[in-house]
Amino acid sequence: METNLTPIKKTARTAGVLYFIWVMTACYSLMYVVPKTITQGDALSTANKMRSHEFLFYTGIANDVFSSAICVFMVLALYRLLRHVNESYARLMVTLLILTIPVAFISDAFSIAAINMFKGEVLKTFELSQRQDFGMLFLKMNDYGSIIVEMFWGLWLLPFGLLVYKSGFIPRILGIFLILNGITYIIHCLTHLLLPGYQTLVFQFSMPFWILGEISITLWLLIKGVKSSYECKKSQWPEKT
C-alpha cells in the first residue's frame, strides 16, 4: 500500500512546496514591495518612494518573473497529480492559470516604464509634473492588468476545486473551499470594475475564503500530501499512453 502511495505523495508534496513558494512571492510583492514604493492616487509621493527604493522596486519585478516560472511548474505538478481524476478539467485548470502569465509580464513592463518616467529617463522634454502623471497612468494600467489576472485566479480554482473534490485522496472540504475561493476572486474582480465603491467591503468579506481555499490546500499538500487511508487501485490510475 505505502509503496503504491509513495509516487502520489511525492507529486503532492512537490506541488505543495511549489504552491507555498508561489504564495510567498505574492505576499512579498503585495505586502512589502507595493506599500514601500507606491502611494495610490499621489504621483509626487509615489515618484519619491520609487526613486528612494529603486532597488526594492526592481526586486519586485524580479519576484514577479520568478513567481511566473514557479506558477508553471506548480500547475504542471498539480496536473500530474489530478489528471487521472478528470483529464478535461485538469487541462482546463492548467490553461486558465497559464493565461495569467502574459498579462503579468505586460503589467511588469508598465511598471518598468513608470519608474523610468519618474526618474526622468524617458519623455525628457516633458515637464516633471507631466512625467509623474504619465508614470501614474502606467501604474494604473498595471492595476488594470492585475484586475484581469484576478479574474483568471478565480476561474482556474473552479476546475481545481472540482478535481480535489472528486479525487478521493484529498479531503472534499478542501475542494469546496477552493471553489468558494475562486468565486470570491471573481466577485472581487467584478466589484472592482463595476462597483468600486464596494471594493473594500467585498475585500473584507473575501479574505477568509482566500485563506480557507489556497492556504488550506497548500498546507495539506505540503504536510500531508494524500490521505494515508486511500487505496491506489490501478483502475483509478490508468496507464500513461
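Check the entry above for the structure.
Residues numbered from 1 in each chain as written. Predicted model: local features only at pLDDT ≥ 70, side-chain atom pairs only at ≥ 80, totals over all residues. Heavy atoms only, no water.

Caption draft 1: Representation of the overall build of the protein within the structure. Each helix and strand counted, the protein has 8 helices and 0 strands in total. Overall, the protein shows an N-to-C arrangement of helices and strands of α-α-α-α-α-α-α-α. Judged by the C-alpha coordinates and their principal axes, the protein covers about 70 × 35 × 30 Å. Residues counted as buried form 41% of the 241 residues belonging to the protein. Partitioning the contacts of the protein with sequence separation of at least 6, the portion at a separation of at least 24 is 74%. (Helix = DSSP H or I, 4+ residues; strand = E, 2+ residues; numbered from the N terminus. Buried < 20%, exposed > 50% of the residue type's maximum accessible area, 1.4 Å probe, protein only. Contact = heavy atoms within 4.5 Å.)

Caption draft 2: Spatial organisation of the environment of phenylalanine 118. Looking at where phenylalanine 118 falls in the secondary structure, it is placed in helix 5 (residues 100–118). Taking C-alpha positions, phenylalanine 118 is 8.6 Å from threonine 46, a pair spaced 72 residues apart along the chain. When neighbours within four sequence positions are excluded, phenylalanine 118 is seen to be in contact with Ala43, Thr46, Ala47, Met50, Arg51, Gln132, Gly135, Met136 and Leu139.

Caption draft 3: Representation of a nonpolar patch on the surface in the model. A grouping of Tyr165, Ile173, Ile176, Leu180, Ile183 and Ile187 is seen on the molecular surface, where their side chains present a nonpolar patch of about 450 Å² in accessible area. The element best represented in the nonpolar patch is helix 7 (residues 172–194), accounting for 5 residues. Its place among the elements puts isoleucine 183 in helix 7. Residue classification places isoleucine 183 among the partly exposed positions, given a relative accessible area of 36%. (Patch = residues over 30% accessible without salt bridge, like charges linked within 9 Å, V, L, I, M, F, W, Y side chains within 5 Å. Areas by Shrake-Rupley, 256 points an atom, 1.4 Å probe, with all protein chains shown as cover. Salt bridge = Lys/Arg side-chain N within 4 Å of Asp/Glu carboxyl O.)

Caption draft 4: Fine view of the environment of threonine 59. For threonine 59, the location among the structural elements is in helix 3 (residues 54–82). Linking threonine 59 and tyrosine 28, residues 31 residues apart in sequence, is a C-alpha distance of 9.8 Å. A distance of 2.8 Å separates a polar atom in the side chain of threonine 59 from a polar atom in the side chain of tyrosine 28. (Polar contact = N/O pair within 3.5 Å; in protein donor to acceptor, adjacent residues only side chain to side chain.)

Caption draft 5: Focus on the packing of aromatic side chains. This model, assessed by the stated rule, comprises 13 aromatic pairs. An aromatic cluster is built from Tyr19, Trp22, Trp156 and Phe160, whose rings are joined through pairwise contacts. Against the face of tyrosine 165 rests arginine 172, its NZ or CZ located 4.5 Å from the ring centre. (Phe/Tyr/Trp six-rings, centres within 6.5 Å; stacked < 30°, edge-to-face > 60°. Lys NZ or Arg CZ within 6 Å of the ring centre and 35° of its normal.)

Caption draft 6: Local environment of the packing of helix 2 (residues 43–52) against helix 6 (residues 128–167). Running from amino to carboxyl end, helix 2 crosses helix 6 at an angle of 80°, the nearest separation of the two axes being 9 Å. Compared by their axis directions, helix 2 and helix 6 come out roughly perpendicular. Contacts between helix 2 and helix 6 involve Ala43, Leu44, Thr46, Ala47 and Met50 on the former and, on the latter, Gln132, Asp133, Met136 and Leu139. (Axes fitted to C-alpha atoms, helices over the stretch in contact; angles between N-to-C directions. Parallel < 35°, antiparallel > 145°, perpendicular 65-115°, else oblique.)

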